Amino acid sequence: MCASALAFGCFRANLAVTKDQPAVAITMDDFQWNKSVKLSPKERNRAILEALRSRGDLKAALFVACRNLENDEGMTLLREWDRAGHLIGNHSFSHKYLNNGKVTPEVFDADIIKCEALIKDLPRFQKLFRFPYLKEGETAAKRDAVRTFLKENGYRTGHVTIDASDWAIDDRLSARLAKDQLADTKKYRDFYLGHMWERALYYDGLAREVLGRSVQHTVLVHFNLLNALFLGDLLDMFRSKGWKLIDAVEAFKDPVFSAEPRIVPAGESIVWALAKETGKFDKLLRYPGEDSEYEDAKMNKLGL
Ligand SMILES: [Zn+2]
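If you're wondering where the values come from, they're calculated on a predicted model, not measured in any experiment.

A. Here's a closer look at the nonpolar core. By size, the foremost hydrophobic cluster in this structure holds 93 residues, and its most contacted members are Ile26, Phe31, Leu78, Trp81 and Leu234. Broken down by element, the residue count for this core peaks at 12 residues, all from helix α7 (residues 186–211).

B. Seen up close, unusual backbone geometry. Note that the residue after valine 264, namely proline 265, is joined by a cis bond; omega there is -10 degrees. Inspection of the secondary structure assignment puts proline 265 in the loop between α9 (248–251) and α10 (270–278). For the peptide bond that leads from tyrosine 287 to proline 288, omega is -5 degrees, which places it in the cis range. In this fold, proline 288 is placed in the loop between α10 and α11 (296–301). The backbone phi angle of tyrosine 133 is positive, close to 60 degrees, even though this residue is not glycine. Within the secondary structure, tyrosine 133 sits in the loop between β4 (125–129) and α5 (140–152). Classification of tyrosine 133 as partly exposed rests on a relative accessible area of 44%.

C. Layout of the environment of leucine 122. One can find leucine 122 in the loop between α4 (105–119) and β4. A sequence separation of 43 residues divides leucine 122 from arginine 79, and the C-alpha atoms of the two residues are 7.7 Å apart. When near neighbours in sequence (up to four residues on either side) are disregarded, leucine 122 contacts Leu78, Arg79, Asp82 and Ile88.

D. Local environment of the state of the cysteines. All told, the structure shown has one disulfide when counted by the stated rule. With a sulfur-sulfur separation of 2.0 Å, cysteine 66 is cross-linked through a disulfide to cysteine 115. Here the S-S torsion is close to 45 degrees, and the disulfide linking cysteine 66 with cysteine 115 is therefore right-handed. Of this pair, cysteine 66 sits in the loop between β2 (61–64) and α3 (72–83) while cysteine 115 sits in helix α4; the two residues are 49 residues apart in sequence, bridging distant segments of the chain. Considered together, cysteine 66 and cysteine 115 belong to a single accessibility category, that of buried residues.

E. Structural context of the pairing of β2. Side chains Ala61 and Phe63 project from β2 onto one buried face, and the interleaved Leu62 and Val64 project onto a second face that is buried too. Here strand β1 (residues 23–30) runs beside β2; their pairing, made up of four bridges, is parallel. In the strand pairing of β2, aspartate 30 is matched with valine 64. Taken together, β1, helix α2 (residues 41–53) and β2 form a β-α-β motif whose crossover is right-handed.

F. Spotlight on the packing of helix α6 (residues 166–179) against α7. Orientation of α6 relative to α7, taken along the N-to-C sense of each, is 180 degrees, at an axis distance of 10 Å. Here α6 lies roughly antiparallel to α7, going by the angle between them. Counted together, Asp166, Ile169, Arg172, Leu173 and Arg176 of α6 and Tyr188, Phe191, Tyr192 and His195 of α7 form the full contact between these two elements. Here the residues of the contact of α6 with α7 sort into five nonpolar, one polar and three charged.

G. Expanded view of the packing of α7 against helix α8 (residues 225–240). At a closest axis distance of 10 Å, the pairing of α7 and α8 adopts a crossing angle of 50 degrees. Our classification of the angle between α7 and α8 gives oblique. Note that α7 runs across α8; the crossing there is right-handed. For the pair α7 and α8, contact is made by Arg189, Tyr192, Leu193, Met196, Trp197 and Ala200 and by Leu226, Asn227, Phe230, Asp233, Leu234, Met237 and Phe238, respectively. A per-class count over the contact of α7 with α8 returns 10 nonpolar, one polar and two charged.

So, how was this worked out
Residues numbered from 1 in each chain as written. Predicted model: local features only at pLDDT ≥ 70, side-chain atom pairs only at ≥ 80, totals over all residues. Heavy atoms only, no water. Core = buried A, V, L, I, M, F, W, Y, C linked by side-chain atoms within 4.5 Å. Buried < 20%, exposed > 50% of the residue type's maximum accessible area, 1.4 Å probe, protein only. Helix = DSSP H or I, 4+ residues; strand = E, 2+ residues; numbered from the N terminus. Contact = heavy atoms within 4.5 Å. Disulfide = S-S within 2.5 Å. Pairing = 2+ DSSP bridges. Right-handed = clockwise from strand over helix to strand, strands pointing away. Axes fitted to C-alpha atoms, helices over the stretch in contact; angles between N-to-C directions. Parallel < 35°, antiparallel > 145°, perpendicular 65-115°, else oblique. Nonpolar A, V, L, I, M, F, W, Y, C, P; charged D, E, K, R; others polar. Left-handed = near helix turned anticlockwise from the far one by under 90°.

Spelled out as structure tokens, the structure:
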């Protein structure tokens, strides 16, 4: 008998009982394409798109920080996503940290509109907004002001359910390959897959505790070298564990994405935020939900 569904080893039992197969969609943030360690921007873009295409023509959501579209090359690369049928969402122009006291709702809102102007004509653009750093305001007034602005402008929040720190692993992988292009990448891959699986189990377990069911998950990853090399392996891992890969448009139909948890500071994974709002799961909730600080010691130990 499991004391808590979140205890290690209890997930399989829970899955067997509920019988619902977890489903997950890929949501990729930032579109920071202008790096060229190991692979050129074009090669990175192609590798990520090919990983999705070759896994059942899976359609992801790409949340673009539009400062990455200031030159023609960025827009050319983005059009490949649009043509391939992936959802294009708004991640603001300059990727501001909303929970910083200096960022007012007015400044933040203007940054959303500035991004929209650059992507609104792409056929696959949808009014889905993803908060940079998953930070939705450090006061109730600010949180509610931005929520109202989004609604008045026809936006829904493109929440993450499974948050993770792929970017921290990419930092180390990219630094290593910048020094030695031929360095062995397998241990970075293995750590990445292990990390993502651990976080997937945590957030799926939390959803079952809080909502009494699994949700149509949206996992957060970033446009980076790590995913140019290993996104395909990540998708294969989810499938090999019995999870279903679904299109992002499909995932966002889950009613969990309409929730508006009234917590401050607001943000993090929507599952995390709903758990926080109940006040019943504080022992399972660290803040922030994810960060490099939780992974650094493990990566140090492995020599990553
Ligand atoms: Zn971001």
